[in-house]
Amino acid sequence: MTAFPTVSVAPVPGVGDRAARALTAEFARQNAATSALLVGADHASTVVAVAVEALLPGDTLTLVPGVNSSTDLLRGHITGLGSWVADRVKVVESLDEAQPADVVIVGEPLTGTAEEARSLIDRLGKYLADGAVLSLAAPAGPGRTQGAAAELFRQGALFGVGSDLVVRNQPPLRVHKLRFSPAEVSTAAKLAPAFRTSSVPLTRTMHIDSNGVAAAGIALGLAALTRRARPKSKLWLVPALLAAPVAAFFRDPERDVPGDPTAITSAADGKVLSVERMRDERFGPDEFLRIAVFLSVFDVHVNRAPVAGRVADYFVEEGGYANAATAAAEHNVAAYTVLDTEHGTVAIAQRTGLIARRIVQRAPVGTLLAKGERYGLIRFGSRTDVYLPADRAESLVSVGERVVGGSTVIARFKN
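The name that an unreviewed UniProt entry assigns to the protein is Phosphatidylserine decarboxylase, with the source organism given as Actinoplanes sichuanensis.

Q: Just to check I follow, could you spell out the overall build of the protein for this structure?
A: Per the secondary structure count, the protein includes 9 helices and 24 strands. Taken over the C-alpha trace, the protein has a radius of gyration of 23 Å; the compact-globule value for 415 residues is 22 Å, and the two agree within 12%. C-alpha atoms of the protein, sized along the principal axes, occupy 70 × 70 × 40 Å. Evaluated residue by residue, the protein yields a buried proportion of 53% over its 415 residues. When the accessible surface of the protein is summed, it comes to about 18000 Å², and 55% of that surface belongs to carbon and sulfur atoms. Separation between the mean location of the 44 positive side-chain charges and that of the 42 negative ones in the protein comes to 9 Å.

Q: Explanation requested: the layout of surface pockets in the structure shown.
A: Rolled over the atoms, a probe sized like a water molecule indicates the empty space that remains. Counted as a void, the largest pocket has a volume near 440 Å³. Around the largest pocket, the lining is made up of 19 residues, and of these Asp164, Leu165, Thr197, Ser198 and Ser210 lie nearest the centre. Listed by contribution, the elements that provide at least two residues to the lining of the largest pocket are β6 (161–166) and α8 (210–229). At 5 residues, β6 tops the list of elements feeding residues into the lining of the largest pocket. In terms of residue class, the lining of the largest pocket is made up of 7 nonpolar, 6 polar and 6 charged.

Q: Help me understand the environment of Asn31, please; the structure alone is not making it clear to me.
A: Mapped onto the fold, Asn31 is located in the loop between α2 (25–28) and β1 (35–41). Those residues in contact with Asn31 that sit more than four places away from it in its chain are Lys190, Leu191 and Ala192.

Q: Honestly, the sheet that holds strand β8 (residues 199–201) in this entry has me stumped. Any pointers?
A: Two modes of strand pairing occur in sheets, parallel and antiparallel, and in both the strands are linked by backbone hydrogen bonds. Within the open sheet, the 3 strands sit side by side as β8-β9-β10. Their pairing is antiparallel. Of all the strands in the sheet, just β8 and β10 (251–253) have a single pairing partner and so form its edges. The mean inter-strand angle of the sheet, taken between neighbouring strand axes irrespective of direction, is 40 degrees. Examined bridge by bridge, β8 and strand β9 (residues 206–209) share 3 bridges and lie antiparallel to one another. Note that in β9 the partner of Pro201 across the bridge is His207.

Conventions adopted
- Residues numbered from 1 in each chain as written.
- Predicted model: local features only at pLDDT ≥ 70, side-chain atom pairs only at ≥ 80, totals over all residues.
- Heavy atoms only, no water.
- Helix = DSSP H or I, 4+ residues; strand = E, 2+ residues; numbered from the N terminus.
- Rg over C-alpha atoms; globule rule 2.2 N^0.38 Å.
- Buried < 20%, exposed > 50% of the residue type's maximum accessible area, 1.4 Å probe, protein only.
- Areas by Shrake-Rupley, 256 points an atom, 1.4 Å probe, with all protein chains shown as cover.
- Lys, Arg positive; Asp, Glu negative; His and termini not counted.
- Charge placed at Lys NZ, Arg CZ, Asp CG, Glu CD.
- 1 Å grid on protein atoms, 1.4 Å probe; cavity = no way out; pocket = protein on both sides within 12 Å on 5 of 7 lines; lining within 4 Å.
- Points joined across faces, edges and corners; volume = space filled by probe spheres on them.
- Nonpolar A, V, L, I, M, F, W, Y, C, P; charged D, E, K, R; others polar.
- Contact = heavy atoms within 4.5 Å.
- Pairing = 2+ DSSP bridges.
- Axes fitted to C-alpha atoms, helices over the stretch in contact; angles between N-to-C directions.

Listed below in structure tokens is the structure:
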């Protein structure tokens, strides 16, 4: 009897460091005691190494051997890591011996048929605790298994989490994180911002959004094509020189997020345009405190959650593309992310501007967002508004003040 019910009928694709971190992200971000179940564990795999690295005091990790490992090999590997790890990691012979966990991770990419993928996920369902996350990977290209995983992702998207494309893996993988029952809103406050494959590290303190990598690549590709088509012309220098500033627009620096649970941080970098009390029936009958921030083309355009909460709704309002710094921007195209929080309803509006025509939002309904967590971006000049319960929050910024997304405290919840 195979310890792990694999769906592979071909050599198992490799899982590199970035894919492993995407698979284990929901375990690694937990700041409270958490249980994890890693199914299809290989003693030599990066997934096991990253999961062990994520362990905190109070955490437990259960390993079920995969096709390329055994119980003895896994136990020997864990024992060799020292007593601190061995006390927190349990190795079992088969999945039947495991207990339900807060995070279930499938360590081997799914490469079999769609029916086999569905069967495995159905079997794993009983090992998910209430609000638990199932994390699995499938080849990123078209195929039966990828289609099945995508279908299951859509079914599980009601309760959120998301899907990450890991291009820097051989082969590229799509990591799906599914939640089949709702998570408690209070859990969000115990989370650290999740690892996102959309944020590509350049240095320890500076990242670039994957949109920037793609845009810079297109610019360099145009330069190469132009030089080949017209070798005696200097026109190729135009797209070549544009690659760096285009990439710089999508810069995504690390930020120190305030630990104070009452602190509300800015959702974006920029200048405060307005601080006002208002009503908006789309978010409820109560009055809101709205803080609007204008982002110039020179500001960081990655958006971050101003508070911890669960995504309750997401919708887009059609409109125009007026200058985001003017009153007419009230009627621009805008994407609204509504959060349920321990302090009431909080909403963030990503508004387009005169140049901005593209809004990216990466947090499905049901997703838990930590304070300061990246959840999207707006391309080029734009505006971000934060709506807070007026009777529970007080503003700490004034019009004209510069703010930094994920770091500057723009308001505070009242005790």
